[in-house]
Structure formats: structure tokens, C-alpha cells
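# Report on the structure
Next come the chains, spelled out residue by residue.
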Amino acid sequence: MTAASGLGWPAVVSVVSPTGLGWPRAGRQRGPVPRETDEPARERSAAMTADPDEAPDPAAAGHDAAKETPGAGEALAGQDGPAAAGDTPIAAAARVAVRLRAPATGDAFARPARTRVIVVANQKGGVGKTTTTVNLGAALALHGQRVLVVDLDPQGNASTALGVHHAAGSASVYDSVIDGRELGAAVQDSPGIAGLRVVPATIDLAGAEIELVPMVARELRLRRAITAHLAALAEEERPDYVLIDCPPSLGLLTLNALVAAEEVLIPIQCEYYALEGLGQLVQTIDMVTSHLNAGLTISTILLTMYDARTRLAAQVADEVRAHFADRVLSTAIPRSVRVSEAPSYGQTVLTYDPGSSGSLSYVEAARELAASLPR
Ligand SMILES: Nc1ncnc2c1ncn2[C@@H]1O[C@H](COP(=O)(O)OP(=O)(O)OP(=O)(O)O)[C@@H](O)[C@H]1O
Ligand SMILES: [Mg+2]
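The text that follows walks through the structure, step by step, so that each part is easy to find. (Residues numbered from 1 in each chain as written. Chains lettered and ligands numbered in written order. Predicted model: local features only at pLDDT ≥ 70, side-chain atom pairs only at ≥ 80, totals over all residues.)

Another point: the packing of helix α9 (residues 221-232) against helix α10 (residues 252-260). At a minimum axis distance of 7 Å, the contact between α9 and α10 shows a crossing angle of 45°. One finds that α9 runs oblique with respect to α10. Note that α9 runs across α10; the crossing there is right-handed. Contacts between α9 and α10 involve Arg221, Leu222, Arg223 and Ile226 from the former and Asn256, Ala257, Val259 and Ala260 from the latter. Here the contact of α9 with α10 is built from residues that sort into five nonpolar, one polar and two charged. (Axes fitted to C-alpha atoms, helices over the stretch in contact; angles between N-to-C directions. Helix = DSSP H or I, 4+ residues; strand = E, 2+ residues; numbered from the N terminus. Parallel < 35°, antiparallel > 145°, perpendicular 65-115°, else oblique. Left-handed = near helix turned anticlockwise from the far one by under 90°. Contact = placed C-beta atoms within 7 Å. Nonpolar A, V, L, I, M, F, W, Y, C, P; charged D, E, K, R; others polar.)

Attention shifts here to the environment of Ala257. With respect to the element layout, Ala257 can be found in helix α10. Separated by 37 residues in the primary sequence, Ala257 and Leu220 have C-alpha atoms spaced 8.8 Å apart. With residues up to four places along the chain from it excluded, the contact list for Ala257 reads Val119, Ala121, Leu152, Leu222, Ile244 and Cys246.

The subject of this paragraph is the sheet that holds strand β4 (residues 196-199). Ordered in space as β3-β4-β2-β5-β1-β6-β7, the seven strands form an open sheet in which the pairing is mixed. The sheet terminates laterally at β3 (188-189) and β7 (297-304), the two strands that pair on one side only. When strand β1 (residues 116-120) meets strand β5 (residues 241-245), the two strands line up parallel, connected through five bridges. Considered in β5, the bridge of Val119 is made with Ile244. (Pairing = 2+ DSSP bridges.)

Along an α-helix, residues three or four positions apart point the same way, because every turn accommodates 3.6 residues. Taking 1.5 Å of rise per residue, twelve residues should cover 16 Å, and α9 covers 17 Å from first to last C-alpha, within 8% of that figure. For α9, the full list of buried residues reads Arg221, Leu222, Ala225, Ile226 and His229. Seen along its axis, α9 keeps its buried residues to an arc of 130°; they face one direction. For α9, the elements touching its buried residues are β1, α7 (173-179), β5 and α10. (Expected span 1.5 Å × (residues − 1). Buried ≥ 20, exposed ≤ 12 C-beta atoms within 10 Å, placed from the backbone. Arc of directions from axis to C-beta.)

So, about the nonpolar core. Core analysis: the largest hydrophobic core is formed by 86 residues, its most contacted members being Val119, Ile244, Ala257, Leu258 and Ala261. Once you skip the residues sitting within four places of it in the chain, Ile244 turns out to touch Val119, Val120, Val150, Leu152, Ala257, Ala260 and Ala261. (Core = buried A, V, L, I, M, F, W, Y, C linked by C-beta atoms within 7 Å.)

Pasting the structure below:
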């Protein structure tokens with residue numbers, strides 16, 4: 001038995017979301033947060049990393065942590081290109097930030113021949129589904145793709161992170177799934193990122209799991225809404241990517257997402273018990289493939305919250321790669337305080353701190369995703 005074999009295939013799991021943030025955004029600052037000098041950033045980072053599980057913020061630590069992390073390190077090298085002679089670290093970071101904010105046309109990703117509908121699913125809580133959905137969405141949009149994020153989680157975290165209105169009773173995905181209304185009526189632009197649009201989730205969606213039970217074709221309702229929406233759009237308005245953020249369960253909402261999509265992206269947190277429950281998810285996907293949506297495949301696995309200082313993270317990554325082989329993106333997302341701070345400003349990490357290792361890693365992951373053909 002290898003050391004990695006106890007990483008949680010069959011066991012009990014309890015994940016506590018570490019964040020206390022996420023209160024309504026009233027009074028919060030919008031726009032990029034003024035960067036502090038390195039010193040206060042380091043102090044703050046140290047304060048926030050009192051929990052031994054939390055890695056120091058790579059952005060505040062001169063990207064040291066990121067350099068240790070495969071993928072993140074590559075991302076940095078790839079984005080910066082050869083360091084210009086005499087370039088200071090701050091100048092290099094500024095160059096990267098400018099490039100991320102206004103990518104040169106030459107850096108636009110190739111657009112898919114037709115809309116790719118990707119569901120981001122893992123019934124395990126707090127593994128980075130929402131973080132991945134919003135940051136991949138932002139990275140794709142900033143590189144020339146039209147992206148529609150569908151928030152299918154009653155928690156509405158993706159709607160918060162993308163800065164869209166999602167008060168109870170406002171137009172949302174609930175209206176389409178439960179009342180059969182046109183999805184387009186709920187679409188909003190995410191402020192600050194051209195090409196990124198959102199169908200928000202409101203708290204109304206919390207009742208949908210139960211309301212769906214007696215409905216006819218209850219697993220097909222989101223699929224019908226998305227298909228009708230895409231068909232109603234003119235070619236130049238049709239999204240290249242539809243990314244669906246799921247709740248942490250395998251209930252009817254997640255089932256609706258799996259039936260609506262062609263690809264599943266599974267974020268896996270590089271922690272103990274990482275693989276716990278994956279078997280159940282894979283079984284559910286197989287069931288959907290057999291009975292409801294023959295075109296569905298697990299196309300992409302993304303390792304999240306990778307802490308290069310721990311052997312455990314490397315063991316989880318090895319085990320996941322052994323199991324899912326080339327479906328695992330070579331870019332792993334490092335654990336980064338910047339990634340976890342961004343949603344409390346109604347932003348993605350790409351706009352909140354474009355030069356941070358978390359931002360660069362999501363751009364590299366999006367680049368890999370865009371380069372991969374749907375399986
Ligand atoms: N790379 C990262 N570095 C640091 N913190 C992260 C990272 N990715 C996610 N987090 C934090 O971990 C927590 C869980 O992430 P997230 O909300 O994306 O998970 P989730 O799978 O969508 O959760 P849920 O199952 O509740 O929907 C959040 O507080 C988020 O800010
Ligand atoms: Mg979530």
C-alpha cells in the first residue's frame with residue numbers, strides 16, 4: 001500500500017469552508033484594491049496564515065510559493081516571457097497585469113467551432129467549484145471568448161464573485177428551471193469584464209430541489225432552457241463557453257446541469273480525503289450518460305488549492321494523475337490568499353490581483369481548456 005492510498009477513497013469527510021467573508025457587498029470597495037507595499041502585505045499574509053494549512057500569499061511573497069508549484073511556475077514563466085534585462089519584479093508584475101487586463105489580440109485563445117457547455121461539479125463542498133467557474137470564465141473572456149456563467153447553486157457565490165445583482169425575487173436561473181421562462185431574461189453582464197455574462201442564482205433556488213420532484217421531465221429543464229437560449233441568439237452573440245456552477249450535492253439541480261452539458265470539469269482539492277466521494281460522482285455521471293445524456297464525458301480535472309510545501313498535495317496530485325491521466329490539466333491552482341479575497345470585492349482574482357500566482361494559474365488552466373478539444 002502506498003502512502004497515497006489512504007488519501008480518502010472511502011471515508012467520511014467534513015470540509016469546513018474557511019472563509020468568513022461573503023456578506024452582502026453593501027459598502028464594499030469596487031475596483032482593484034490598492035496594493036500595499038510588500039512589507040504590510042507580508043505581515044497580513046502571515047496573520048492570515050496562522051492556520052498551518054494556509055500557505056503564504058504567493059503574490060505577497062514574491063511568488064516564491066508559486067514558483068514551487070508546478071503549473072503556477074510555468075504560468076509565471078509563460079506569461080512573463082524572457083525577463084527583460086534590468087526588469088524589476090514590480091515592473092515584471094505590472095507588465096503581466098497590463099497584459100491580463102487588456103490582452104493583446106495575438107493572445108486571444110482560439111474559439112471553439114460551437115458552444116462548449118461545461119458543468120463544474122463535485123458534490124464535495126468547498127473544493128473550489130465556484131472559484132474555478134468564475135476565474136476560468138473571466139480568463140476565457142479576457143482572452144477573446146464569449147462566456148456565459150450559469151449559477152446553479154442557491155448559495156449564489158458565483159453571482160457574488162462576478163458582481164451581479166442577485167437579490168431574492170430578481171430574475172434568475174430559478175425562473176427558467178421552475179417556471180420555464182426564457183433564460184435570456186435573467187442574463188446580466190459581469191461588470192469590468194467584456195464578454196462575460198451571468199445567469200445569477202437567488203435564494204429562491206433553495207426550494208427548487210423539492211419543487212422539481214413532481215415536475216414532468218424534471219432532469220431536462222435546464223437543458224431545454226439553455227438549448228432554447230442558444231438557438232434564439234444570433235451567431236455573433238452566441239457564447240463560446242457556458243460554464244455551470246453546481247451546488248455541493250448530487251441532487252436534482254446537479255442532475256439538471258449534467259444533463260444540460262457535454263463536458264464535466266471536476267475540481268479536486270489537494271487535501272486529505274480529496275478523492276472521497278469521487279466514485280459516487282463518477283457513478284452518477286455514468287448513470288446520466290446511460291439514461292439521460294449520452295454525449296456527456298468527464299473532460300477535465302483541475303487540481304485546486306495546491307500547496308507545494310506539503311508532500312500530501314504532491315501525493316494527491318500523483319494519485320489523481322494516475323487515475324485520470326491526460327484529463328488532468330497540467331496547471332494546478334496554488335493555494336493563494338488573493339484567490340480567496342477576491343469574491344468579497346465582487347471580483348475574480350484576474351481583476352482583483354492580475355499578477356498574482358492564482359490569477360496567472362487560472363489563465364494557464366483556461367489556455368489548456370481552450371486548447372483541448374471536447375472529448
Ligand atoms: N486557490 C485557492 N486558494 C485559496 N483559497 C481558495 C482557493 N480556491 C478556493 N479557495 C477558497 O476556498 C473556499 C471554497 O471555495 P469555493 O467556494 O470555490 O468551493 P465550492 O466547491 O464552490 O464550495 P461549495 O461546495 O460550498 O459550493 C472559498 O472560501 C474560496 O475562497
Ligand atoms: Mg460553490
